[in-house]
Amino acid sequence: MANVTDLMIMREQALAAVQGAPDVAELEAVRVRWLGRSGLLTAALRSVAALPIEERRAFGAAANQVKADLELALDQGSARVRGAATLAQFASEQADLSLPPRRLRLGRLHPISRTIREVSRILATMGFETVEGPEVESDYYNFEALNIPRGHPARDKFNTLWVSDPLGDDPERPVLLRTHTSPMQIRVMESRRPPIRVCVPGRCYRFEATDATHESVFFQYEGLAIDEQLSMADLKGVLYSFARQLFGGERKVKFRPDYFPFTEPSAEIAFDCFVCNGGGRTNSGACRTCGGSGWIEAAGCGMVHPAALRRVGYDPERHQGFAFGGGIERLAMLLTGTPDIRLFQTNDLRFLETA
Ligand code: DAH
């Protein structure tokens, strides 16, 4: 017959078993063994009825206390093993931060886009606002209004791609892919009043064979300034500042008399060749980039022709202006040291990731 001392021994054994249980399953086994239907403590509690009446109270109280102690210990044990299990799971699932990450392939701007932005940024420092115009243009804006009427020999230098008008071809109003950005000079002068300062970057088209410095689809930038009292000196000042900002003051700039029907006087601006440094020769013979001349023609420029001013309703006695325009690719080649214009369009990542 159990007595209180037996209960105390049972208590010690049961609590030790709870302490030693490593997981939920083992704890449950301990609970069943002591507190289950046919558990040892359950049996002891049942035996109360058989005790002499004077022992019942003390034994019963002790047995209930042991039961309560054991239940509390089981609860705490349960929390302990669950916590341990969670920690073990975390440890096993922990990300290995020492693994090298997958390489991030960041996109970057195409050298042509970068050059357009750089040209626009530099001209913005001198007050030029960047605007864009249509690539499908009328004969009027691309030629007529720029003093290049039908039959004018200047048309020969623009190998024009003509397009059919979706609204029906009108022989009086031919449509084309603009051969330069200059038509925007007229469009801007028509839609604004002086003072005008705009920069027009954009795609142009010419039906031409490609070589290291020519493409049939290419970009130009155009600058136009109209105001009272503008002179060739302002034009030169702007272009010198432009060249210095673009090339950091290293390149030489040369103005040579030239002819464009929409400017008078006209000039061609050239920078010294970045491959042969103006010498015209490399170790392997004549420099291929500049054709041996030592100079890279970078832009045409001049004072806006009075006839063009009059055509848009300006009085040339009051308003004058200058314009300049050149190839974006040429600048991009200079800036990135790219020897062949065709690399810009061929989508070769080896070039694009380094240019
Ligand atoms: N549009 C000319 C061309 O493509 C370049 C040019 C010359 C632009 C003189 C100008 C200019 O604005 O004034 O050949």
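Just so we're clear, the structure is a prediction, and the values are computed from it rather than from any experiment.

## Quick look at the overall build of the protein chain
Scanning the protein chain from terminus to terminus reveals 11 helices and 12 strands. Whereas a compact globule of 355 residues would reach a radius of gyration of roughly 20 Å, the protein chain reaches 45 Å, over 25% beyond that. By the burial criterion, 44% of the 355 residues in the protein chain qualify as buried. In the protein chain, the share of contacts with a sequence separation of at least 24, taken over all contacts with a separation of at least 6, comes to 68%. Total accessible area on the protein chain stands at roughly 19700 Å², and carbon and sulfur atoms take up 52% of it.

## Brief notes about the domain arrangement of the protein chain
Taken as a whole, the protein chain is organised into domain 1 (4-92) and domain 2 (111-352). Between domain 1 and domain 2, the C-alpha centre-to-centre distance is 94 Å.

## Re the pattern of salt bridges
As enumerated under the stated definition, the model contains 14 salt bridges in all. Here glutamate 118 makes a salt bridge to arginine 121, at a shortest N to O gap of 3.2 Å. Taken together, the residues glutamate 118 and arginine 121, both in helix H5 (residues 111-125) and 3 residues apart, mark about one turn of the helix. In this structure, glutamate 268 engages arginine 256 in a salt bridge whose closest nitrogen and oxygen atoms are separated by 2.6 Å. With glutamate 268 in strand E8 (residues 263-272) and arginine 256 in strand E7 (residues 253-260), this pair connects stretches of sequence that are 12 residues apart.

## Topic: the pairing of strand E12 (residues 320-327)
Of all the 8 residues making up E12, 8 are buried; the element is thus mostly covered by neighbouring parts of the structure. Two elements, strand E11 (residues 295-304) and E12, share 5 bridges in a ladder whose sense is antiparallel. In the strand pairing of E12, alanine 299 is matched with glycine 326.

## A short note on the sheet that holds E7
Spatially, 7 strands are ordered E1-E5-E6-E12-E11-E8-E7 in an open sheet, and the strand pairing comes out mixed. Where the open sheet ends on each side, the last strands, each with one partner, are strand E1 (129-130) and E7. Seen against the sheet, helix H8 (residues 232-247) touches strand E6 (217-227), E7, E8, E11 and E12 and runs at an angle of roughly 30 degrees to E12. Packed on one face of the sheet, helix H10 (residues 328-336) meets E6, E8, E11 and E12 and runs near 105 degrees to E6.

## Looking at the site of the ligand
Close to the ligand lie 17 residues; His180, Ser182, Arg206, Gln220 and Glu222 are nearest. Interatomic distance of 3.2 Å between a backbone N/O atom of alanine 323 and an oxygen atom of the ligand. For the ligand, the accessible surface in isolation is 350 Å², of which the surrounding protein chains cover 95%. Among the secondary structure elements, those contributing two or more residues to the shell around the ligand are E6, E11 and E12. Taken together, the residues that form the shell around the ligand break down as 6 nonpolar, 8 polar and 3 charged.

## Here we look at unusual backbone geometry
Following proline 194, the chain continues into proline 195 via a peptide bond in cis, with omega recorded as 0 degrees. Structurally, proline 195 is set in the loop between helix H7 (183-191) and strand E5 (196-205). Of note in this structure, asparagine 147 is not a glycine but carries a positive phi near 65 degrees. Within the secondary structure, asparagine 147 sits in the loop between helix H6 (139-142) and strand E3 (162-163).

Definitions and limits used
For every chain, the first residue of the written sequence is number 1, and numbering continues from 1 along that sequence. The predicted origin of the model limits local features to residues at a pLDDT of at least 70 and limits the giving and counting of side-chain atom pairs to 80 or more, whereas totals for whole chains, interfaces and linings rest on all residues. Excluded from the side-chain calculation are hydrogens and water; included are all heavy atoms of the structure. Helix and strand assignments follow DSSP, with helices taken as H or I runs no shorter than four residues and strands as E runs no shorter than two, numbered in order from the N terminus. C-alpha atoms define the radius of gyration in this analysis, and the globule rule sets the expected value at 2.2 Å times the number of residues to the power 0.38. Residue exposure (1.4 Å probe, protein chains only): buried if accessible area is under 20% of the type maximum, exposed if over 50%, otherwise partly exposed. Residue contacts are defined here by distance: any two heavy atoms, one from each residue, within 4.5 Å place the two residues in contact. Here the open area of atoms and residues is found with the Shrake-Rupley method and a 1.4 Å probe, where only the protein chains shown may cover a residue. Each domain's limits were defined by an automated method or a database of domain assignments. Basic side-chain nitrogens of Lys or Arg form a salt bridge, by our definition, when they fall within 4 Å of a carboxyl oxygen of Asp or Glu. Pairing between two strands requires that DSSP report at least two bridges joining them. Only C-alpha atoms enter the line fits that serve as axes; for helices the fit covers just the stretch in contact. Angles between N-to-C directions range over 0 to 180 degrees. Note on definitions. A residue lies near a molecule or strand when any single heavy atom of the residue is within 4 Å of it. The term polar contact refers here to a pair of N or O atoms within 3.5 Å; inside protein, the definition further demands a hydrogen-donor-capable atom paired with an acceptor-capable atom, and it admits residues adjacent in sequence only when both atoms are side-chain atoms. We call Asp, Glu, Lys and Arg charged. Ala, Val, Leu, Ile, Met, Phe, Trp, Tyr, Cys and Pro are nonpolar, and the rest, Gly among them, are polar.

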